[in-house]
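What follows is each chain in one-letter form.
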Amino acid sequence: MNDIAVEGPSATCGSVTVPARLLGCWYRRYIRFADGTEDTSTRVIWVQTLSGVGDIRVSATRPDLRSRGGLEDCSIEELLALAEQDCFCGVTLFDAKAKPFPTASWPRESYLFRFQPVITFPEPGWMEWLEGGTCMIERAPSGAYVEDWRLQPGSQKFGGHLVQRDAPSATCLYVAGDHAIFARNRSELLPGDKTLPELAREARYDPKRLRELLDCEFSYARRAEPGHDYVIELSTFPWREGKRLDVPPVEKFVPNAREAADVVMDDRWTIRSCWRL
């Protein structure tokens, strides 16, 4: 679909697979399961660009490891705690005519890479917008869960999906206003039928193997205002939190862009898509 031109952004380039109302940075307020249990403490952040998406999920019970220097400084118990995190990046597909609700989906082939090899939430999402579009309700068609997402102010003004050139492994950046998710894959492809804790158990908790399995970074960063640095607030590498994230000034590249070739980036990044209101 390509209805974004009439819904919002006046300047876009690249592939478009979602409507304008889905763009931006969304914080999850809660997930409610079919048995009535509810999770409001896990930090879940979704940055949606014209097609590319970055998603980071970190439990509130994860130990505080911000003082560590890296994976090599973590104990086996701490590495296993990091193995419980869940993140992904890829492409969001959207069917505006689906019934009973417009439907977002993430089929297996739409994933670029994941922190957890196993797809945790394999269902598409029935999407409904409330409160003037600032509240987005996502329902699993099976009834397994309902998620309440809240749009972060100003995150639909501009954004982009960037790919780092000549990186040793796939490296992406998803920007929505003052919010960004950086994603870097591990160097090996893991089997898609086992979780990281299961793979750790198979490796008999060998520290070197655990570090290899966990060498996949997802970092969410935010800037206080235009012109300021994006600072990492949540990361699969906790010691990165509080550090500056090197984000190109995407808003400066896209005011008149119509094609990706119109956008001249620096020598590290290639733009896949971008928009500006």
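None of the values given here were measured: they were computed from a predicted structure. (Residues numbered from 1 in each chain as written. Predicted model: local features only at pLDDT ≥ 70, side-chain atom pairs only at ≥ 80, totals over all residues. Heavy atoms only, no water.)

## Description of the overall build of the protein chain
Secondary structure summary: the protein chain contains five helices and 19 strands in total. Of all 277 residues assigned to the protein chain, the portion counted as buried reaches 51%. In the protein chain, 59% of the contacts between residues at least 6 apart in sequence involve partners at least 24 apart. About 12,700 Å² of surface is accessible on the protein chain, with carbon and sulfur atoms providing 50% of the total. Measuring between centres, the 35 positive side-chain charges of the protein chain sit 1 Å from its 41 negative side-chain charges. (Helix = DSSP H or I, 4+ residues; strand = E, 2+ residues; numbered from the N terminus. Buried < 20%, exposed > 50% of the residue type's maximum accessible area, 1.4 Å probe, protein only. Contact = heavy atoms within 4.5 Å. Areas by Shrake-Rupley, 256 points an atom, 1.4 Å probe, with all protein chains shown as cover. Lys, Arg positive; Asp, Glu negative; His and termini not counted. Charge placed at Lys NZ, Arg CZ, Asp CG, Glu CD.)

## Comments concerning the layout of surface pockets
Reported here for the largest pocket is a volume of approximately 350 Å³. What lines the largest pocket is a set of 21 residues, and nearest its centre among them are R57, S59, E84, Q85 and D86. Elements represented by at least two residues in the lining of the largest pocket include exactly β2 (24-33) and β5 (52-58). Element by element, the count of residues in the lining of the largest pocket is highest for β2, at three residues. Of the residues assigned to the lining of the largest pocket, the class counts are eight nonpolar, seven polar and six charged. (1 Å grid on protein atoms, 1.4 Å probe; cavity = no way out; pocket = protein on both sides within 12 Å on 5 of 7 lines; lining within 4 Å. Points joined across faces, edges and corners; volume = space filled by probe spheres on them. Nonpolar A, V, L, I, M, F, W, Y, C, P; charged D, E, K, R; others polar.)

## Quick notes on the pairing of strand β14 (residues 171-176)
With six of six residues buried, β14 is to be regarded as a mostly interior element. Judged by which residues are buried, β14 turns out to be covered on both faces: T171, L173 and V175 on one side and C172, Y174 and A176 on the other are all buried. The sheet contact formed by strand β13 (residues 158-164) and β14 spans five bridges and is antiparallel. Within the sheet, the bridge partner assigned to L162 lies in β14 and is L173. Adjacent in sequence and paired antiparallel, β13 and β14 are bridged by six residues, among which D166 carries a positive phi angle near 60 degrees. (Pairing = 2+ DSSP bridges.)

## Section: empty space enclosed by the protein
Per the stated rule, a full pass over the model turns up one cavity of 30 Å³ or more. Looking at the largest cavity, its volume works out to about 190 Å³. Looking at the largest cavity, it is lined by 17 residues, and the ones nearest its centre are D55, R57, F88, W106 and F121. For the lining of the largest cavity, the secondary structure elements donating two or more residues are β5, β6 (86-91), β9 (111-114) and β12 (145-151). Per-class residue counts for the lining of the largest cavity are nine nonpolar, one polar and seven charged.

## Quick notes on unusual backbone geometry
Residue P100 is bonded to the preceding K99 through a cis peptide linkage, with omega at 5 degrees. Examined against the element boundaries, P100 turns out to sit in the loop between β7 (93-95) and β8 (103-105). Phi at D166 takes a positive value of approximately 60 degrees, unusual for a residue other than glycine. One can find D166 in the loop between β13 and β14. The residue Y205 is not glycine, and still its phi comes out positive at about 60 degrees. When you line up the elements, Y205 lands in the loop between α3 (196-202) and α4 (207-214).

Bear in mind that shape data such as this cannot, by itself, settle questions of function.
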